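# Structural description and commentary
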Amino acid sequence: MTLRLFNTLSRETETFTPIEPHRVRMYVCGMTIYDLCHVGHARFLLVFDMVYRWLQTLGYQVTYVRNITDIDDKIIKRALERGIPIRQLTEEMTHAMHEDVAALGIAPPTHEPRATAYVPQMLEMIAALERKGLAYRAAGGDVNYSVRKFPGYGKLSGKSVDQLRAGERVAVLEDKEDPLDFVLWKSAKESEPDDAKWNGPYGPGRPGWHIECSAMSCAILGEHFDIHGGGMDLQFPHHENEIAQSEGATGKRFVNYWLHNGFLNVDNVKMSKSLGNFFTIRDVLKHYDGETVRFFMLRTHYRSPFNFSDANLDDARNSLRRLYTALDAVDAPDAPVDWSQPQAKAFRDAMNDDFNTPGAVAVLFELAGDVNRTQAAESAALLKGLGATLGLLQQSPRSYLQGGGGVDEAGIESLIAQRAAAKQARDFVRADQIRKDLAAQGIVLQDSPQGTTWVKA
């Protein structure tokens, strides 16, 4: 079965055919780094990490670009509030983001361009749009894109220009020819700091948000590439505007396949600071390990709405522990996946069906059941190997099952030794009390002919 994916542009599931055989070029809109990453960011980061890994599993040479927006109205505002230079803020937040994604097991992209390093390319694209009559200089100094002059505008969102409304990050300005027009170059304001300004043919200013991704993607991947991804909230206006800019400037098709992940809610309500249900990745990692969060999000299809809750996280943690418990009972060798095996084929078919991770995870549990019944090392190796394609099940099972922080391992081992001595002395009341005391601390003892081991409940 070949890879098929849902293309937002056509609104159909299509067979994936790369522009160049055996090579995939993919761009994903990354973080605007003015604050710590929240769980909504974790969703898209994990989704496209999954896509990246699976494309590599299929044998493609993948060039994966995930940008960093390091100049933006919110960044300027936050830097002024804190009384620090913009670069200091963005360096701090970039470092924090890298720590967060590492904790979730997210692989680094091939390229991670920063918008501020591509201002010359943005200016070149704006100039090309102006030459083609698609951009105009407004009276206030901004340069805007003339949406109605691009015939294909609205094809990604599936709406006509008349059906669409302005959805910019900033208020519609009076000197736009049309409310749907969007800014390509923002004229500098006197109140803005010097490190938010670049000199160019349009006077001091900075690029608009949309032009950043068009310029960076074309500069690194070329003017026509395979996959562009991001959250569903970016479909309009951001990705619609990227198409207008890139195709308007180059005259070429911009992207073949558009992928968008579904919205995230918290306890079935949209996440919002005003509602008090806003959580950073770091908030969550204080209570759950990174692999649990990863497994939790991958259990849901990437295009489906995702409901974030403690109850669902607890369930995911217990489910992941079931997989690790199966591996803990068998010494699983590291071995390449034999894709001719029926369960491996079922896993591959699920992933090739528009990255159907729920179906793939179901295969993992089927394999875990086989391991529990047969203790077969081959099944355990396949479980571990298939898990690796999703970035799962690569820790030592015993370390994972005993992990979580705040555990006095030496104290537990001492109590296990005391319990063994009590049993040897036939003091079964004392031995049973030690087991109960450890259970009250969330420690489960497992007796076998080889001795007693422990895991966290």
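Look up a bit, the structure's there.
In this report, we go over the structure that sits alongside the text. No experiment lies behind these values; they were computed from the predicted model shown.

## Here we look at the overall build of the protein chain
- A tally of regular secondary structure across the protein chain gives 15 helices and 15 strands.
- With respect to the principal axes defined by its C-alpha atoms, the protein chain has extents near 95 × 55 × 35 Å.
- Relative to its full complement of 457 residues, the protein chain shows a buried share of 49%.
- When contacts within the protein chain are restricted to residue pairs at least 6 apart in sequence, long-range pairs at least 24 apart make up 73% of them.
- With the model as given, the accessible surface of the protein chain reaches about 20,300 Å², and the carbon-plus-sulfur share is 50%.

## Focus on the environment of Ala417
- By secondary structure assignment, the location of Ala417 is in helix 14 (residues 409–424).
- Residues Ala417 and His98, spaced 319 residues apart in sequence, show a C-alpha to C-alpha distance of 42 Å.

## Describing the packing of aromatic side chains
- Applying the stated criterion to the full structure yields 14 aromatic pairs.
- Members of the aromatic cluster, joined through ring pairs, are Phe279, Phe296, Phe306 and Phe308.
- Sitting above the plane of the Phe6 ring, Arg303 keeps its charged end 4.3 Å from the centroid.

## A short note on the pairing of strand 4 (residues 61–69)
- Taking burial as the measure, the nine residues of strand 4 include eight buried ones, the bulk of the element.
- For the crossover from strand 3 (residues 23–32) across helix 1 (residues 39–57) to strand 4, the handedness is right-handed.

What counts and what doesn't
- Residues numbered from 1 in each chain as written.
- Predicted model: local features only at pLDDT ≥ 70, side-chain atom pairs only at ≥ 80, totals over all residues.
- Heavy atoms only, no water.
- Helix = DSSP H or I, 4+ residues; strand = E, 2+ residues; numbered from the N terminus.
- Buried < 20%, exposed > 50% of the residue type's maximum accessible area, 1.4 Å probe, protein only.
- Contact = heavy atoms within 4.5 Å.
- Areas by Shrake-Rupley, 256 points an atom, 1.4 Å probe, with all protein chains shown as cover.
- Phe/Tyr/Trp six-rings, centres within 6.5 Å; stacked < 30°, edge-to-face > 60°.
- Lys NZ or Arg CZ within 6 Å of the ring centre and 35° of its normal.
- Right-handed = clockwise from strand over helix to strand, strands pointing away.

Spatial relationships are all this shows, so hold off on functional conclusions.
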